[in-house]
Amino acid sequence: EFSIEAANTLMENLYQQQQRFFFSEEALVKVTRRSVDALFKKVCQDVADLMEVDRVEIWLFNDQLTTLTAETYYDKRGDISSFKNVLYQEKVPAYFEAIANKRVLAIEDTRNNPIMDGLVESLTTEYHEMQSMLDASIVLSWGVGGVICCLSKGERKWTPIHKQVLASIADM
């Protein structure tokens, strides 16, 4: 069950993992794409458990902010595919604009929200059954660097606490 205590515990654990990962001398020598992917995957799994969602993904922008690439994900059904989905700004302009201009994007019904126009069709079939989405921008020193995305099969009413917790996680 989602609770403030569980959110606080998760955020403290993520913070400690981040500190160990990035700031220990031994870790700095061993930082690789594989080790970062493993950390991202663990974050996705922890967020899925906390937020009680079916799928969590981390997407990163290219340098021009014209594409988003799914870097890693956790799905409660297990790994479905290793294919890295790519979203193109020209195919889903409303979604790109929303991500660029909102800290958190909460969509309770993905099938009937104009921001989602073209988005589901641009993705592989595992997205077609997802009905609710909560995205938080990953803000870096130079601007929005990506998105952490929570997806749920059922319609969800995203609370202010859900939004704040996901935004805080994205900031880590």
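Provided above is the structure to which this section pertains.
Residues numbered from 1 in each chain as written. Predicted model: local features only at pLDDT ≥ 70, side-chain atom pairs only at ≥ 80, totals over all residues. Heavy atoms only, no water.

> I keep staring at a nonpolar patch on the surface and nothing clicks. Help me out?
A contiguous nonpolar patch, built from L65, L140 and W142 and spanning about 310 Å² of accessible area, is present on the exposed surface. Structurally, the position occupied by L140 is in strand β5 (residues 132-140). Assessed through its relative accessible area of 40%, L140 is described here as partly exposed. (Patch = residues over 30% accessible without salt bridge, like charges linked within 9 Å, V, L, I, M, F, W, Y side chains within 5 Å. Areas by Shrake-Rupley, 256 points an atom, 1.4 Å probe, with all protein chains shown as cover. Salt bridge = Lys/Arg side-chain N within 4 Å of Asp/Glu carboxyl O. Helix = DSSP H or I, 4+ residues; strand = E, 2+ residues; numbered from the N terminus. Buried < 20%, exposed > 50% of the residue type's maximum accessible area, 1.4 Å probe, protein only.)

> Looking at this structure, I do not really get the packing of aromatic side chains. What am I missing?
Aromatic rings considered in pairs are described by the distance between their centres and by the relative angle of their planes. In this structure the tally under the stated criterion is 2 aromatic pairs. Here the aromatic rings of F61 and F96 are separated by 5.7 Å at their centres, their planes lie at 70 degrees, and the arrangement is edge-to-face. A residue pair is termed long-range when its members are at least 10 positions apart, and F61 in strand β1 (residues 55-61) and F96 in helix α4 (residues 93-101) qualify at 35 residues. As far as burial versus exposure is concerned, F61 and F96 are alike and both buried. Aromatic side chains Y95 and F96 sit 6.5 Å apart centroid to centroid with 80 degrees between the ring planes, which places their arrangement in the edge-to-face category. (Phe/Tyr/Trp six-rings, centres within 6.5 Å; stacked < 30°, edge-to-face > 60°.)

> Before we go on, may I ask you to explain the nonpolar core in this structure?
In globular proteins that are soluble, nonpolar side chains generally tend to be buried together. Within the largest apolar cluster, 22 residues are counted, with the highest numbers of intra-cluster contacts made by V47, M51, V56, I148, C150, L166 and I169. Of all the secondary-structure elements, those providing two or more residues to this core are α1 (4-23), α3 (33-51), β1, β5, β6 (143-152) and α6 (160-171). With 6 residues, the top contributor of residues to this core is α3. What V47 contacts, discounting residues up to four positions off in sequence, is L10, E52, V56, I148, C150, L166 and I169. In terms of nonpolar packing, the next biggest core, distinct from the first, is built from 21 residues, W59, F61, M116 and M130 among them. (Core = buried A, V, L, I, M, F, W, Y, C linked by side-chain atoms within 4.5 Å. Contact = heavy atoms within 4.5 Å.)

> Would you mind showing me how to read the pattern of salt bridges here?
Charged atoms that come close allow side chains of opposite charge to pair. For the structure shown, the criterion picks out 6 salt bridges. A salt bridge links R55 to E57; the nearest nitrogen and oxygen atoms lie 2.6 Å apart. In this structure, R55 and E57 share a single accessibility class: buried. Taking the shortest distance from any N to any O, the salt bridge between K157 and E155 comes out at 4.0 Å. In the salt-bridge network here, residues are joined through shared partners; they are R55, E57 and D75.

> Help me understand the environment of L10 in this model?
Mapped onto the elements, L10 comes out in helix α1. The buried category is assigned to L10, whose relative accessible area is 8%. Filtering out sequence-adjacent residues up to four positions away, L10 remains in contact with D46, V47, L50 and I169.

> Got a minute to help me understand the pairing of strand β2 (residues 67-75) in this structure?
Regular strands place side chains that alternate from one sheet face to the opposite one. Summarising burial for β2: 9 of the 9 residues are buried, a large majority. Pairing between β1 and β2: 7 bridges, direction antiparallel. Among the inter-strand pairings, L60 is bridged to a residue of β2, identified as T69. In sequence, β1 turns back onto β2 through a hairpin of 5 residues, with L65 there showing a positive phi of about 60 degrees. Of the strand pairs in this sheet, β2 and strand β3 (residues 86-88) are connected by 3 bridges, and their pairing is antiparallel. Residue pairing for β3: L68 is matched across the bridge by L87. (Pairing = 2+ DSSP bridges.)

> I keep staring at α4 and nothing clicks. Help me out?
Residues that lie three or four places apart on an α-helix share one face, since the helix turns once every 3.6 residues. The complete set of buried residues in α4 reads Y95, F96, A98 and I99. Buried residues of α4, viewed axially, fall in a sector of 160 degrees; they line one side. With respect to the buried face of α4, the exposed residues turned more than 90 degrees away are E97, A100 and N101. (Arc of directions from axis to C-beta.)

> What's the story with unusual backbone geometry in this structure? I'm lost.
The phi torsion of most residues other than glycine is negative, and most of the peptide bonds are trans. Its identity as a non-glycine residue notwithstanding, E52 has a phi of 55 degrees, on the positive side. Structurally, E52 is set in the loop between α3 and β1. If you check the backbone angles, L65 has positive phi at about 60 degrees while not being a glycine. Mapped onto the elements of the fold, L65 is located in the loop between β1 and β2.

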